[in-house]
Amino acid sequence: RVQPAGTRAPEVKLSMLPADHQIRQLLALVKQIMPNAGPTGNLSRPLTTTEQDMVLGFSQGIFKRLYELSLAEPLRLEALVALLESINSFCPKLGKDMGTWATYAPTNTEPQRRLHRTVLLLLVRSRLLAVPELDNFLAARTDNGRSHIWVEFSLLFIRTAFMERISTPSDFPKLIDLMTRIAEGKSQATAQIVQAYRKPILRMLEETGSRAHPSDQSVGSASIATQPQPPSTPSRAQAPFSFEESSSLSMTSLNTLMQASRKVAETVEVSMQNDPANARHQVAALLDGWIRMQTESGVPDKSLVQYLQVLQQIGVGKVEESTERFLRLSTLVVIDAVLKSSTTAADGTKSLNHSFVDMYSRLLVILFRHMNSGGSSELVGAQRLGVLNKILGSIVRSMMWHFEKKKSEQSAWDQRPWFRLLMNLVIDINKPDPAFENIRLGILSVFGAAFHVCQPLTMPGFAFAWLELVSHRHFLPNLMLLPEEKGWNIAHQLLMDHFLFMEPYLSRVELNPPIKKLYEGTLRVVLVLLHDFPSFLCGYHISLCNVIPPNCVQLRNIILSATPKGMNPPDPFTPNLKIDLLSDIARSPSILSNVLGPIESIRAHLDSYLKDGQRSNFLNGLIPFLYKEGSRELHVGKVNSLVLYVGAHAIARLHSAQFSLSRTPEMEVFQRLMELDDKGRYTCLNAIANQLRFPSSHTHYFSCVMLYLFSESKSVVVKEQVTRVLLERLIVNRPHPWGLLITFIELIKNQRYGFWNYPFTRCATEIEKVFESVARSCMQPNAQRGTLVGGDDQ
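If you're wondering where the values come from, they're calculated on a predicted model, not measured in any experiment. (Residues numbered from 1 in each chain as written. Predicted model: local features only at pLDDT ≥ 70, side-chain atom pairs only at ≥ 80, totals over all residues. Heavy atoms only, no water.)

S.K.: Whenever I open this one, a nonpolar patch on the surface confuses me. Can you help?
M.R.: A contiguous nonpolar patch, built from L26, L29 and I33 and spanning about 290 Å² of accessible area, is present on the exposed surface. One can find L29 in the loop between α1 (22-28) and α2 (30-33). The exposure class of L29 is partly exposed, given its relative accessible area of 36%. (Patch = residues over 30% accessible without salt bridge, like charges linked within 9 Å, V, L, I, M, F, W, Y side chains within 5 Å. Areas by Shrake-Rupley, 256 points an atom, 1.4 Å probe, with all protein chains shown as cover. Salt bridge = Lys/Arg side-chain N within 4 Å of Asp/Glu carboxyl O. Helix = DSSP H or I, 4+ residues; strand = E, 2+ residues; numbered from the N terminus. Buried < 20%, exposed > 50% of the residue type's maximum accessible area, 1.4 Å probe, protein only.)

Below, the structure is given as structure tokens:
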């Protein structure tokens, strides 16, 4: 049974639960209790008819239970759908019956339809429903546009599915065609339905790039001018690519993030319109009383208790709506007071009096500490986390409303009071305190979720303050030092949020002053991680490299130079160094990034090819898969994942038996990638170079691959590009990855590669001087020309 999550129930999702959580452990038990489960949890045989009927009956009971739940607690819904997903892997007929059961779901009232829509989205995401059948069903229910209820239902369903990347427009051709015809007045929908849904349909079609006619505007042509930008952002004419084209995110995801602030502001606006007439005056009076208490020499405990009792009398801490209203209005009142205190100095700079914010933040910390009903330490901890979630949620929503309000008024938005408020909470709540130790992970998770919501892509005007908050010594180090690395995934998510915002700007040749300052701050944060938590950068190097543009060589070098704690690699300039004799060279590195995600759709075919190498048509279809959707440009994330996955497969093969490096399906994949055009080949070689890091089996193997591609390629262009990829990473300031140095030294020292015989090493005086300079730094005088990588059979 999934217990209610209390005040945090609407925010708790299954993805937030750690791997050792009881719910996840219960879901994992399905593999042990299914009658046709093998000892390893895999499908061992088909179900008998009796067993199948029993399983389907049990599953139908779970399905019915879904429609007895509430949208207010998504954890229960997700947990039950996850249970059905696990059962489906042992009972394939479940997926077929699920579609039939869904047609009988209750949809008579609006709440029932909202719940049904959410359940369908969860089932589609878990691949428990056949999407073509669902497309047919919903298209039929709309009655060619005549059913007002089902047109609205279907529109909201597919728009959510597209925006959340559960499905793509190509999955719902009939609904897309119907929606297009409704918008163009070519369906049998009434004039009222066309008028009501034409604009939402057109907006959905434009957001998802699913306009039916070629004359319509494509996804990639959206103007960057419509997007929120940081101060002094260069115009589109100054950049070689648009914001969208320079981002790793899809247009849909970018739109979702960039519109999030506006949507939250609209929700807050509705709440404000529903506030009682005297609500703001009442909250202001309560705050005035608190400030008077703070200005006295000392606040006696009795006065503090009385003040908290007054808050409870108006529903704060007891009634959800009253608590939200007090936190929202009190935050806005305090921020307005700080902004009105602004004074202008002789040099034109404006200073603020933050005393109101400081006193208000002390009140919020007291509410976090004391606004609970008591009980066991676990119960009190859960209640405190609920209060903190409300506090930070109200602050972030109010900040977004304030940000959007100023934007609509075309006036400057001052981030400083919001930064001061959040900074005070970060410091006061994350300071060492025995009372909070049992909920330390929960506290940091709530802060991390709040920062994720107001990330720079959502609120670019808060980008500088955001980076300061995320990297603060009371937050980031606390995350990194949690036992069993439980905070690393939160830190990784926030770092990815920041890099995704920076990525389009860093792709440009010149950075404007604000972005340049932000980049300097980014380098400092990454250098701190390199110094204090190098294993974190080692584990997440793939996902971080996915969002770092190719021209950011030094930033990428910093990440790839990370060496796990306790490892002390030998000096790469040691004469006659044999890296295959190092103790660490046979160990596989820890990979924490999601490598399989980008290539999941071809993984089965890839595994089949790597197993026997017989499916020659696989290589022909591999290259088109690597392109971005609707583009001839390679998807960097797919290429990085493919290269690492193929390499890991090859290492396992080489460990299990003696194989020549050249006679493997894995090398055939790498050689096929070398047949791409110059830009595509450059991307693939960079993906290989990203694995040249600290001593490990990956570094050893990919060093051999890089040298093999140079040695065996019949094209001088390939040899030149291999040299370029290695050289451009070496001519920047240190640090340089250990494996990169090892590989380049081997390339220029070992005579079997004939490096200095190729014309590109002396095609121009400037180039020749660069090679000579790098060679002098990489080759020590009178060093013997030994083989570093080991063995002659590459």
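S.K.: How do you make sense of the pattern of salt bridges when you look at a structure like this?
M.R.: When charged atoms on two side chains of opposite charge get close, those side chains can pair. As enumerated under the stated definition, the model contains 32 salt bridges in all. With its nearest N and O atoms 3.6 Å apart, the salt bridge here joins K186 to E184. The exposure class of K186 is exposed, given its relative accessible area of 57%. K407 serves as the salt-bridge partner of E404, at 3.3 Å between the closest nitrogen and oxygen. Linking E404 with K407, this pair stays in helix α16 (residues 377-408), spanning three residues, or about one helical turn. On the basis of relative accessibility, which here comes to 37%, the residue K407 falls in the partly exposed class.

S.K.: Sorry if this is basic, but what is going on with a positive patch on the surface here?
M.R.: A cluster of basic residues, R198, K199, R203 and K263, forms a positive patch at the surface. At three residues, helix α10 (residues 191-208) tops the list of elements feeding residues into the positive patch. Along the polypeptide, K263 turns up in helix α11 (residues 251-273). We classify K263 as partly exposed; its relative accessible area is 31%. (Lys, Arg positive; Asp, Glu negative; His and termini not counted. Charge placed at Lys NZ, Arg CZ, Asp CG, Glu CD.)

S.K.: Would you mind going over helix α18 (residues 440-453) with me for this structure?
M.R.: Because an α-helix completes one turn every 3.6 residues, residues spaced three or four positions apart along the sequence face the same direction. Between the first and last C-alpha of α18 there are 20 Å, a value that for 14 residues agrees with the 20 Å anticipated at 1.5 Å per step. Among the residues making up α18, those that are buried are R440, G442, I443, L444, V446, F447, G448, A450 and F451. Of the surrounding elements, those touching the buried residues of α18 are α15 (355-370), α16, α17 (416-430), α19 (463-470), α20 (476-480) and α21 (488-506). (Expected span 1.5 Å × (residues − 1). Contact = heavy atoms within 4.5 Å.)

S.K.: Is there a simple way to explain the packing of helix α28 (residues 636-656) against helix α30 (residues 678-689) in this structure?
M.R.: It is at 9 Å that the axes of α28 and α30 come closest, and there the two elements cross at 50 degrees. Classed by the angle they form, the pair α28 and α30 counts as oblique. Every pair of crossing elements has a handedness; the one defined by α28 and α30 is right-handed. Between α28 and α30, the residues in contact are V636, V639, N640 and V643 and T683, C684, A687 and I688, respectively. In the contact of α28 with α30, the residues fall into six nonpolar, two polar and no charged. (Axes fitted to C-alpha atoms, helices over the stretch in contact; angles between N-to-C directions. Parallel < 35°, antiparallel > 145°, perpendicular 65-115°, else oblique. Left-handed = near helix turned anticlockwise from the far one by under 90°. Nonpolar A, V, L, I, M, F, W, Y, C, P; charged D, E, K, R; others polar.)

S.K.: Help me understand helix α22 (residues 513-532) in this model?
M.R.: An ideal rise of 1.5 Å per residue puts 28 Å on 20 residues; α22 measures up with 29 Å between its terminal C-alpha atoms. All of the buried residues in α22 are P514, I515, L518, Y519, T522, L523, V525, V526, L529 and L530. Tucked into the core, α22 has its buried residues touching α19, α20, α21, α23 (534-539) and α25 (553-560). At the N-terminal end of α22, a side-chain oxygen is found 3.0 Å from the backbone nitrogen of I515, two or three residues along, and the residue is N512. (Polar contact = N/O pair within 3.5 Å; in protein donor to acceptor, adjacent residues only side chain to side chain.)

S.K.: Explain the packing of aromatic side chains here, please?
M.R.: In total, this model carries 25 aromatic pairs according to the counting rule given. Ring geometry for Y609 against F618: centres 5.3 Å apart, planes inclined by 25 degrees, an arrangement best described as stacked. Residues Y609 and F618 agree in their burial class; the two are buried. Summarising the aromatic geometry, the rings of Y758 and F760 are spaced 5.8 Å apart at their centres and angled 5 degrees between planes, so their arrangement reads as stacked. This pair shows no difference in class: Y758 is buried, exactly as F760 is. In textbook terms, an aromatic cluster arises when at least three aromatic residues are bridged by ring pairs, as seen for F710, F744, F755, W756, Y758 and F760. (Phe/Tyr/Trp six-rings, centres within 6.5 Å; stacked < 30°, edge-to-face > 60°.)

S.K.: Got a minute to help me understand the environment of Q192 in this structure?
M.R.: Along the chain, Q192 turns up in helix α10. For Q192, a relative accessible area of 57% corresponds to the exposed category. Note: C-alpha distance between Q192 and H148 (44 residues apart in sequence) is 9.0 Å.

S.K.: Would you explain the packing of α28 against helix α31 (residues 697-712) in this entry?
M.R.: For any two helices packed against each other, the geometry comes down to the angle between their axes and how far apart the axes lie. Running from N to C, α28 and α31 cross one another at 100 degrees; their axes reach a closest spacing of 10 Å. With respect to α31, the axis of α28 lies roughly perpendicular. Across the interface between the two elements, V643, L644, G647, A648, A650, I651 and L654 from α28 touch S697, H698, Y701 and F702 from α31. Of the residues belonging to the contact of α28 with α31, the class tally is eight nonpolar, three polar and no charged.

S.K.: Sorry, what's going on with the environment of K749 here?
M.R.: Looking at the secondary structure, you find K749 in helix α33 (residues 738-749). Sequence separation between K749 and A775 is 26 residues; the distance between their C-alpha atoms is 9.0 Å.

S.K.: Sorry, what's going on with the nonpolar core here?
M.R.: Generally speaking, soluble globular proteins have nonpolar side chains that are buried together. F447, F462 and F536 are the most contacted members of the largest nonpolar core, which has 112 residues in total. The element best represented in this core is α21, accounting for twelve residues. Those residues in contact with F536 that sit more than four places away from it in its chain are M480, W488, A491, H492, L495 and L529. Residues L84, L123, F153 and L155 belong to the second largest nonpolar core, which totals 68 residues. (Core = buried A, V, L, I, M, F, W, Y, C linked by side-chain atoms within 4.5 Å.)

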